[in-house]
Amino acid sequence: MRRLILSDIHANLEALEAVLRDAAGRYDEILCCGDVVGYNASPGEVVDWARAHVAHIVRGNHDRVCSHPDEWNDFNSIAWAAAVWTHGRLGPDQLAWLRALPRGPLYLDDCQLVHGSPEDEDEYLVSRFDILPMHNFLQRKICFFGHTHLQGGWMWTRGGLAELEPPRRTEAERVYELDDDGLYMINPGSVGQPRDRDPRAAYALWDAARRTIAFRRVPYDVEGAQSRILSAGLPENLAHRLALGR
Ligand code: ZN
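Because the structure is predicted, anything quoted here is derived from the model rather than measured.

### Side note on the overall build of the protein
Line of reasoning, step 1. Counting secondary structure elements, the protein contains eight helices and 12 strands.
Line of reasoning, step 2. For a compact globule of 246 residues, the expected C-alpha radius of gyration is about 18 Å, and the protein comes in at 17 Å, within 12% of that figure.
Line of reasoning, step 3. With the C-alpha coordinates aligned to their principal axes, the bounding extent of the protein is approximately 50 × 40 × 35 Å.
Line of reasoning, step 4. Across the 246 residues in the protein, those meeting the buried criterion constitute 57%.
Line of reasoning, step 5. A fraction of 73% describes how many contacts in the protein between residues 6 or more apart in sequence connect residues 24 or more apart.
Line of reasoning, step 6. When the accessible surface of the protein is summed, it comes to about 10,700 Å², and 47% of that surface belongs to carbon and sulfur atoms.
Line of reasoning, step 7. Side chains of the protein carry 27 positive and 36 negative charges; the gap between the two charge centres is 3 Å.

What follows is the structure, encoded as structure tokens:
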């Protein structure tokens, strides 16, 4: 089975379409680590696409807050403005689908999906020190996670913990062969709002038979996504940051 691994699409239709074009023919099934909506200006289109095409998904914090804006949350003013706007743009069916998304971890036969960390959907796993204790919470060989919008991965072997670097700005992909004895935490990066100073949309491909993970980056129509944000009246910062990848 070949899987397309997506996370943090955040209602960015232009980025999603570029990823799907780039990945066409290279996967059998789609997995998603959450944050389908929030920040960008195409929530209805992206929810409808995810409902129809994603095989397995966990909710992200933005999926939760955008569909439950009456509950307490810790969003900053910009994320909150986008959440309220998003809620107003979604119909009852779309909101019901978001509310029904499972909180991770979601265990499949050969991997587990979480949004933030295996312990807490809102936890950010950024550094080696964040990752180290997660070893105790892995129940599958591979755990896919998102939330940080930072592409890359980590591998435990008998030699210790090693980092899997994402593609450089001059590269379209980095491919890693999976070690039989390794345990992996893999962040495919963010489709719709990358924050690793590379504005290209990020995703990953996992080929279980060939035992490879490919981290890929693809340019997309950033200006199109930005003009949708600005004409929707969403905070300008949400448009500007897309060009910076942060
Ligand atoms: Zn996110």
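### Concerning the state of the cysteines
Line of reasoning, step 1. Scanning all chains against the criterion turns up zero disulfides.
Line of reasoning, step 2. Take Cys66: it sits in no disulfide, and the sulfur closest to it among the cysteines is that of Cys32, at 14 Å.
Line of reasoning, step 3. We classify Cys66 as buried; its relative accessible area is 0%.
Line of reasoning, step 4. Cys143 provides the cysteine sulfur closest to Cys111, a residue in no disulfide bond, and the two sulfurs are 8.6 Å apart.

### Let's talk about unusual backbone geometry
Line of reasoning, step 1. Residues Gly104 and Pro105 are joined by a peptide bond in cis, for which omega reads 0°.
Line of reasoning, step 2. As for its position among the elements, Pro105 is in the loop between helix H5 (92–99) and strand S4 (106–107).
Line of reasoning, step 3. A positive phi angle, near 50°, is found at His10, a position not held by glycine.
Line of reasoning, step 4. Its identity as a non-glycine residue notwithstanding, Asp35 has a phi of 60°, on the positive side.
Line of reasoning, step 5. Within the secondary structure, Asp35 is located in the loop between strand S2 (29–32) and helix H2 (43–53).

### Concerning the sheet that holds strand S6 (residues 142–144)
Line of reasoning, step 1. Spatial strand order, S4-S5-S6-S10-S7-S8: six strands in an open sheet with mixed pairing. Two strands in the sheet have a free side with no partner beyond their single neighbour: S4 and strand S8 (160–164).
Line of reasoning, step 2. Alignment of strand S5 (residues 112–113) against S6, held across two bridges, turns out to be parallel. Bridge pairing in S6 links Leu113 to Phe144.

### Describing the packing of helix H1 (residues 13–23) against H2
Line of reasoning, step 1. Running from amino to carboxyl end, H1 crosses H2 at an angle of 35°, the nearest separation of the two axes being 9 Å. Across from Leu13, Leu16 and Leu20 in H1, the residues of H2 making contact are Glu45, Val46 and Trp49.
Line of reasoning, step 2. Across the contact of H1 with H2, the residue classes break down as five nonpolar, no polar and one charged.

### Observations concerning the pairing of strand S9 (residues 173–177)
Line of reasoning, step 1. By the alternation rule, side chains of S9 split into Arg174 and Tyr176, which are all buried, and Glu173, Val175 and Glu177, of which none is buried.
Line of reasoning, step 2. In this sheet, strand S12 (residues 212–218) lies alongside S9 in antiparallel orientation, the contact comprising five bridges. Residue pairing for S12: Tyr176 is matched across the bridge by Ile213.

### Remarks on the packing of aromatic side chains
Line of reasoning, step 1. In this structure the tally under the stated criterion is two aromatic pairs.
Line of reasoning, step 2. For the pair Phe144 and Trp206, a centre-to-centre distance of 5.4 Å together with 55° between the ring planes defines the contact as tilted. Residue Phe144 is found in strand S6, and its partner Trp206 is found in strand S11 (residues 201–207); the two are separated by 62 residues along the sequence.
Line of reasoning, step 3. Consider the rings of Tyr176 and Phe215, whose centres lie 6.0 Å apart with planes at 75°: the pair is edge-to-face. Taken together, the positions of Tyr176 in strand S9 and Phe215 in strand S12 put the pair 39 residues apart, joining distant regions of the chain.
Line of reasoning, step 4. Residue class for Tyr176 comes out buried when judged on its relative accessible area of 19%.
Line of reasoning, step 5. A cation sits over an aromatic face here: Arg241 above Tyr39, 5.8 Å from the ring centre.

Criteria and cut-off values
- Residues numbered from 1 in each chain as written.
- Predicted model: local features only at pLDDT ≥ 70, side-chain atom pairs only at ≥ 80, totals over all residues.
- Heavy atoms only, no water.
- Helix = DSSP H or I, 4+ residues; strand = E, 2+ residues; numbered from the N terminus.
- Rg over C-alpha atoms; globule rule 2.2 N^0.38 Å.
- Buried < 20%, exposed > 50% of the residue type's maximum accessible area, 1.4 Å probe, protein only.
- Contact = heavy atoms within 4.5 Å.
- Areas by Shrake-Rupley, 256 points an atom, 1.4 Å probe, with all protein chains shown as cover.
- Lys, Arg positive; Asp, Glu negative; His and termini not counted.
- Charge placed at Lys NZ, Arg CZ, Asp CG, Glu CD.
- Disulfide = S-S within 2.5 Å.
- Pairing = 2+ DSSP bridges.
- Axes fitted to C-alpha atoms, helices over the stretch in contact; angles between N-to-C directions.
- Nonpolar A, V, L, I, M, F, W, Y, C, P; charged D, E, K, R; others polar.
- Phe/Tyr/Trp six-rings, centres within 6.5 Å; stacked < 30°, edge-to-face > 60°.
- Lys NZ or Arg CZ within 6 Å of the ring centre and 35° of its normal.

These values are about where atoms sit, not about what they do.
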